[in-house]
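The lines below spell out each chain.
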Amino acid sequence: YILGLSTLLLNLVAALVLAIGGVERKGVDIIYSFFNVVIFGIVGMYSFYHAYKGLATQNSRLTTRYLTIQVVMLCFMVMCTLLGKSNYNGWLNVKRAQDSSKMSEFWIVWTYIESVLWCVNIVVCLVAIHLVYQSLRSAGKDLTAPSLLAAAAPSMRI
């Protein structure tokens with residue numbers, strides 16, 4: 001959670017630097033970066049809370065909710081790692097940064113840094129998902145897809 005939030009905060013700082021440096025359309029990216037920080041912060045803390053409380057109390061419903069949210073967050077992290085549009089500086093952004101007439105060198109270096117940070121986030125997220133899943137499994141909980149869905153959203157009927 002903290003690593004992902006830190007990466008998004010650095011993305012916000014980079015968007016500010018690029019906007020101040022005169023890179024086209026980076027002013028709007030500051031707003032996108034800000035919203036990403038806020039949304040990721042709220043959803044990430046909600047997810048972290050469920051994992052912490054679920055593991056501490058051995059509540060499979062809370063840990064399953066964490067796993068569900070983390071899979072969605074993992075998809076977001078993969079998207080951030082790859083995309084080169086909007087405020088995302090993923091691996092596909094290198095060409096756009098090279099073609100920029102202003103602050104090209106900074107933008108290229110930052111693209112590599114941010115992409116590597118997102119790759120580290122993905123690895124940490126996968127390890128966390130694996131450890132929580134193993135914890136559920138060692139507790140003897142039913143880990144079939146219908147039971148996981150029922151635990152994640154108790155109001156849904158399968």
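Here, every reference points to the structure presented above.
This is a predicted model, so every value here is computed, not measured.

### Side note on the overall build of the protein
Here is step 1 of the chain: Along the backbone of the protein there are 6 helices and 0 strands.
Here is step 2 of the chain: Ordered by position from the N terminus, the helices and strands of the protein form the series α-α-α-α-α-α.
Here is step 3 of the chain: Counted over contacts in the protein with a minimum sequence separation of 6, partners at least 24 positions apart contribute 60%.
Here is step 4 of the chain: Accessible area for the protein stands at about 9100 Å²; split by element, carbon and sulfur atoms hold 70% of it.

### With respect to helix H3 (residues 60–82)
Given 3.6 residues to a turn, an α-helix orients residues that are three or four positions apart in the same direction.
Here is step 1 of the chain: With 23 residues, H3 extends 33 Å between its outermost C-alpha atoms, agreeing within 8% with the 33 Å of an ideal straight helix rising 1.5 Å per residue.
Here is step 2 of the chain: Put simply, Asn59 is the residue that caps the front of H3, since its side-chain oxygen is 2.9 Å from the backbone nitrogen of Arg61.

### Considering a nonpolar patch on the surface
Here is step 1 of the chain: On the surface, Leu3, Val78, Leu82, Trp91, Leu92, Tyr112, Val116, Val120 and Val124 cluster together into a nonpolar patch covering about 760 Å² of accessible area.
Here is step 2 of the chain: Contributions of two or more residues to the nonpolar patch are made by H3 and helix H5 (104–138).
Here is step 3 of the chain: Of the residues forming the nonpolar patch, the biggest block, 4 residues, is contributed by H5.
Here is step 4 of the chain: Checked against the element boundaries, Trp91 lands in the loop between H3 and helix H4 (94–99).

### Let's talk about unusual backbone geometry
Here is step 1 of the chain: In this model, Gln58 sits at a positive phi of 55 degrees, which is unusual for a non-glycine residue.
Here is step 2 of the chain: If you trace the backbone, Gln58 turns up in the loop between helix H2 (26–57) and H3.

### Points about the pattern of salt bridges
Here is step 1 of the chain: Applying the stated criterion across every chain yields a total of 1 salt bridge.
Here is step 2 of the chain: Between Lys95 and Asp99 there is a salt bridge, with the nearest N and O atoms lying 3.1 Å from each other. Taken together, the residues Lys95 and Asp99, both in helix H4 and 4 residues apart, mark about one turn of the helix. A single burial state applies to Lys95 and to Asp99, both of which are exposed.

### Here we look at the side chain of Asn93
Here is step 1 of the chain: Structurally, Asn93 is set in the loop between H3 and H4.
Here is step 2 of the chain: You can call Asn93 buried: its relative accessible area is 0%.

### Notes on the packing of H3 against H5
Here is step 1 of the chain: Axis separation between H3 and H5 bottoms out at 10 Å; the angle between their running directions is 160 degrees. Relative to H5, the element H3 lies roughly antiparallel. In this structure, H3 meets H5 at a crossing whose hand is left-handed.
Here is step 2 of the chain: Classifying every residue of the contact of H3 with H5 gives 18 nonpolar, 7 polar and no charged.

### A word on the environment of Asn11
Here is step 1 of the chain: With respect to the helices, strands and loops of the structure, Asn11 is situated in helix H1 (residues 2–20).
Here is step 2 of the chain: Expressed as a C-alpha distance, the spacing of Asn11 and Ser33, which sit 22 residues apart in the sequence, is 6.7 Å.
Here is step 3 of the chain: Once residues within four sequence positions are removed from consideration, Asn11 is found in contact with Ser33, Asn87, Asn89, Trp110 and Glu114.
Here is step 4 of the chain: One polar contact links Asn11 to Ser33, side chain to side chain, over a distance of 2.6 Å.

Rules used throughout
- Residues numbered from 1 in each chain as written.
- Predicted model: local features only at pLDDT ≥ 70, side-chain atom pairs only at ≥ 80, totals over all residues.
- Heavy atoms only, no water.
- Helix = DSSP H or I, 4+ residues; strand = E, 2+ residues; numbered from the N terminus.
- Contact = heavy atoms within 4.5 Å.
- Areas by Shrake-Rupley, 256 points an atom, 1.4 Å probe, with all protein chains shown as cover.
- Expected span 1.5 Å × (residues − 1).
- Polar contact = N/O pair within 3.5 Å; in protein donor to acceptor, adjacent residues only side chain to side chain.
- Patch = residues over 30% accessible without salt bridge, like charges linked within 9 Å, V, L, I, M, F, W, Y side chains within 5 Å.
- Salt bridge = Lys/Arg side-chain N within 4 Å of Asp/Glu carboxyl O.
- Buried < 20%, exposed > 50% of the residue type's maximum accessible area, 1.4 Å probe, protein only.
- Axes fitted to C-alpha atoms, helices over the stretch in contact; angles between N-to-C directions.
- Parallel < 35°, antiparallel > 145°, perpendicular 65-115°, else oblique.
- Left-handed = near helix turned anticlockwise from the far one by under 90°.
- Nonpolar A, V, L, I, M, F, W, Y, C, P; charged D, E, K, R; others polar.

Fair warning: the whole summary comes from geometry, so function is off the table for now.
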